[in-house]
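Single-letter residue listing:
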Amino acid sequence: MLQSNDTATSDTVLEARALGVRYGDLLAVTDVQLKVLRNRITAIIGPSGCGKSTLLRSFNRMNELVPGTRVEGTLYFEGQDVYDPSVDPVEVRYRIGMVFQKANPFPKTIYENIAWGARIHGYRGNMDDLVESCLRQAALWDEVKDKLGQSGLALSGGQQQRLCIARTLAVEPEVILMDEPASALDPIATLKIEELMQELKKRYTIVIVTHNMQQAARASDYTAMMMLAEGTQAGTVIEYNETETVFLRPNNKRTEDYVTGRFG
Amino acid sequence: MPRTTFETELKQLKDSVLVLGSMVEQAILDSVEALKKRDISASQKILDADKLVNKKRFEIESQLLILIATQQPMAHDLRLLASCMEIISELERMGDYSKGIANINIRMGDAPLLKPLIDVPRMAQKGADMLHRALTAFVEEDIETARAIPVEDDEVDALFNQVYRELMTIVIGDPATIERANWLLWTAHNLERFADRVTNICERTVFVATGELAEINDTDSEFWKPQ
């Protein structure tokens, strides 16, 4: 069971110390030091294949679903070692929710998309109220309130992604991990997701992986720059700073080359 | 991987800033030369040239805005574009000091100079020289030079104080000279401000190269130092 200790009230929600991830013999991520701060949006940027998604998935033990995955180093969530053998990965995953690149609503009604997870996690309150509250938080309520019985798959791409966010909220997570949540969306749907993130961060802590540097610059408070560690094929965080620093005066030359489009 | 198109445009942009700078540099020297020779038609040409300075500034500004809108500059590129925006605005105002001196010459009409101009041309020469080197340092991102130039502003301030004291001495001796003294005092004041603005350009050079936004020489005298 994950238990909070004294550091649970600190500003740090997640902390990676020398965190590495292996897929079999392949070292994908190495030596990541990172503190994710409460009620802030942390963006992880970097070129393809540098381990952004792998790192993100290690935050809620989603990587374990891939056979042969091993994690090195330590990851603390509210001061507790997430990979301690006594910790139940299912509990980790509902306290640290995830939204994926491609919206993946269940082939069920809009209502059930939200109610289902909550019911499994033993929610005993008024389900109608929960569904409305989650849809409102995901800025989707006004668009779907008259068709809650319709299939979630009948919504537009942007609406489906917000439905997935609403579904994540239904199990009352503390952290929301977003893996390229807007990469398949048009600019208007993208903007809605970004505006939504600003609302959600008042109650949740958000970590977002994005290929879109402008999105990281617009939407995040902190930015972690990932690149392959020198002389290896494993990604690591080479610079982690306030977003404005990363985009105005980065400390690392490789960060500078990446954010100014001269990478490679 | 170089961004060839963008980098070519950045180079053109820097060249344009240098062109604007040399127009402003020439104008300040010409304006004082015209006053020294009491050449009204030369001063008239300065007024016409200032219109070209303003036009060039707007051209560069729209070039800058297009680059910002189309290239999404970040980090060093962003600092460079933001600094160019600031510098062209400084240059345009520096051009206005030449216009001010040209207007003084025109308004003086037939009145002779109150005294031969010695320190005033020195101020112009020093200011023009500082500007020239400051812009070279800017395009080369030479922060050592950029940090050194503002210290030279003290020489211009000293020349201004010298001119001020001489003119006051004349005015005290003969209060009827006050208007002619005032014309020269305003000329010197324009030149003093011209050199002050070179410091602002140097600060931008440091910002582009390092990301550090700070005043370099805060001994800058806004008007004159208490004696």
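Residues numbered from 1 in each chain as written. Chains lettered and ligands numbered in written order. Predicted model: local features only at pLDDT ≥ 70, side-chain atom pairs only at ≥ 80, totals over all residues. Heavy atoms only, no water.

Enquirer: Sorry, what's going on with the overall build of chain B here?
Expert: Tallying secondary structure elements over chain B gives six helices and zero strands in all. Each helix (α) and strand (β) of chain B, taken in turn from the N terminus, gives the series α-α-α-α-α-α. Against the globule reference of 17 Å for 227 residues, chain B gives a C-alpha radius of gyration of 19 Å, in line with a compact fold. Projecting the C-alpha coordinates of chain B onto the three principal axes gives extents of approximately 70 × 35 × 20 Å. (Helix = DSSP H or I, 4+ residues; strand = E, 2+ residues; numbered from the N terminus. Rg over C-alpha atoms; globule rule 2.2 N^0.38 Å.)

Enquirer: Would you mind showing me how to read the overall build of chain A here?
Expert: Along chain A, the regular secondary structure elements total ten helices and ten strands. Its C-alpha radius of gyration of 18 Å places chain A within 12% of the 18 Å reference for a compact globule of 264 residues. The principal-axis extents of the C-alpha atoms in chain A amount to approximately 55 × 45 × 35 Å. Counting contacts in chain A only where the partners sit at least 6 residues apart, residues at least 24 apart contribute 70% of the total. Treating the 29 positive side-chain charges of chain A as one cloud and the 34 negative ones as another, the clouds have centres 3 Å apart. (Contact = heavy atoms within 4.5 Å. Lys, Arg positive; Asp, Glu negative; His and termini not counted. Charge placed at Lys NZ, Arg CZ, Asp CG, Glu CD.)

Enquirer: Explain the packing of helix H3 (residues 75-108) of chain B against helix H4 (residues 119-140) of chain B to me, please; I cannot follow it from the model alone.
Expert: Each pair of packed helices can be summarised by the angle the axes make with each other and by the distance between the axes. All names here are of chain B. Put simply, H3 and H4 touch, their axes get as near as 13 Å, and they point 170° apart. It follows that H3 is roughly antiparallel to H4 by the angle criterion. H3 and H4 meet at a crossing whose hand is left-handed. Where H3 abuts H4, its residues Leu80, Ser83, Cys84, Ile87, Leu91 and Met94 lie against Leu131, Leu135 and Phe138. The class makeup of the residues in the contact of H3 with H4 is eight nonpolar, one polar and no charged. (Axes fitted to C-alpha atoms, helices over the stretch in contact; angles between N-to-C directions. Parallel < 35°, antiparallel > 145°, perpendicular 65-115°, else oblique. Left-handed = near helix turned anticlockwise from the far one by under 90°. Nonpolar A, V, L, I, M, F, W, Y, C, P; charged D, E, K, R; others polar.)

Enquirer: Explain the confidence of the model for chain B to me, please; I cannot follow it from the model alone.
Expert: Regions with low pLDDT should not have their predicted coordinates read in detail. With 96% of its residues at a pLDDT of at least 70, chain B reaches an overall mean of 94. Complex prediction metrics read pTM 0.86 and ipTM 0.79. (pLDDT = per-residue confidence, 0-100.)

Enquirer: Just to check I follow, could you spell out the nonpolar core for this structure?
Expert: Proteins that are soluble and globular tend to have nonpolar side chains buried together. The biggest cluster of nonpolar side chains holds 58 residues, and the ones touching the most others in it are Leu91(B), Met94(B) and Leu131(B). Mapped onto this core, the elements with two or more residues apiece are helix H1 (4-37), helix H2 (40-71), H3, H4, helix H5 (143-173) and helix H6 (178-210) of chain B. Per-element tally for this core: the top contributor is H6(B), with 13 residues. With residues up to four places along the chain from it excluded, the contact list for Met94(B) reads Val24(B), Leu131(B), Phe194(B), Arg197(B), Val198(B) and Ile201(B). Within the second largest apolar cluster, 49 residues are counted, among which are Ala115(A), Ala138(A), Ala166(A) and Ile193(A). (Core = buried A, V, L, I, M, F, W, Y, C linked by side-chain atoms within 4.5 Å. Buried < 20%, exposed > 50% of the residue type's maximum accessible area, 1.4 Å probe, protein only.)

Enquirer: When you look at the packing of aromatic side chains in this model, what are you seeing that I'm missing?
Expert: Geometry of an aromatic ring pair is reported as the spacing of the ring centres plus the angle between the planes. Residues and elements named next belong to chain A. Summed over all chains, the structure comprises three aromatic pairs over all chains. Ring centres 6.1 Å apart and planes at 40° place the aromatic pair Tyr222 and Tyr240 in the tilted group. Here Tyr222, found in strand E9 (residues 222-228), pairs with Tyr240, found in strand E10 (residues 235-242); they are 18 residues apart in sequence, far enough to count as distant. The exposure class of Tyr240 is partly exposed, given its relative accessible area of 26%. In this structure, Arg167 packs its charged tip against the face of Phe106, placed 4.2 Å from the ring centre. (Phe/Tyr/Trp six-rings, centres within 6.5 Å; stacked < 30°, edge-to-face > 60°. Lys NZ or Arg CZ within 6 Å of the ring centre and 35° of its normal.)

Enquirer: Can you help me understand the pattern of salt bridges in this one?
Expert: Where charged atoms from two side chains of opposite charge come close, those side chains can pair. All chains considered together, the criterion is met by 34 salt bridges over all chains. For Arg95(A), the salt bridge identified is with Glu91(A), shortest N-O distance 3.5 Å. Of the two residues, Arg95(A) and Glu91(A) both sit in helix H2 (residues 89-95), four residues apart, roughly one turn of that helix. With respect to class, Arg95(A) is no different from Glu91(A); both count as buried. Where Arg57(B) meets Glu61(B), a salt bridge forms, and the shortest distance between an N and an O atom there is 3.3 Å. Here Glu61(B) and Arg57(B) lie together in helix H2, a separation of four residues that amounts to about one turn. Residue Arg57(B) is classed as buried on the basis of its relative accessible area, which comes to 16%. With a relative accessible area of 24%, Glu61(B) lands in the partly exposed category. Several salt bridges converge on common partners, so that one network encompasses Lys126(B), Asp129(B), Arg133(B), Glu152(B) and Glu155(B). (Salt bridge = Lys/Arg side-chain N within 4 Å of Asp/Glu carboxyl O.)

Enquirer: Would you mind going over the pairing of E10(A) with me for this structure?
Expert: Remember that side chains alternate between the two faces of the sheet whenever the strand is regular. All names here are of chain A. Sheet topology note: the E9/E10 ladder contains seven bridges and is antiparallel. From the neighbouring strand, Ala224 faces E10, where its bridge partner is Tyr240. Joining the antiparallel neighbours E9 and E10 is a turn of six residues, in which Gly231 adopts a positive phi near 70°. (Pairing = 2+ DSSP bridges.)

Enquirer: Help me understand the pairing of strand E3 (residues 41-45) of chain A, please; the structure alone is not making it clear to me.
Expert: Residues and elements named next belong to chain A. Within E3, five of the five residues are buried, leaving the element largely enclosed by the surrounding structure. In E3, alternate side chains face the same way, and those of Ile41, Ala43 and Ile45 on one face and Thr42 and Ile44 on the other are all buried. Here E3 pairs with strand E8 (residues 205-209) via four bridges, running parallel. Across the sheet, residue Ile44 finds its bridge partner in E8, namely Val209. In terms of strand pairing, E3 meets E9 through four bridges, oriented parallel. Across the sheet, residue Thr42 finds its bridge partner in E9, namely Tyr222.

Enquirer: Help me out: how do you make sense of H2(B) in this one?
Expert: Since the α-helix advances by 3.6 residues per turn, residues separated by three or four positions end up pointing in the same direction. A rise of 1.5 Å per residue sets the reference length of H2(B), with its 32 residues, at 46 Å; its end C-alpha atoms lie 46 Å apart and thus fit the reference within 8%. Looking at the buried positions of H2(B), the neighbouring elements they touch are H1 and H3 of chain B. (Expected span 1.5 Å × (residues − 1).)

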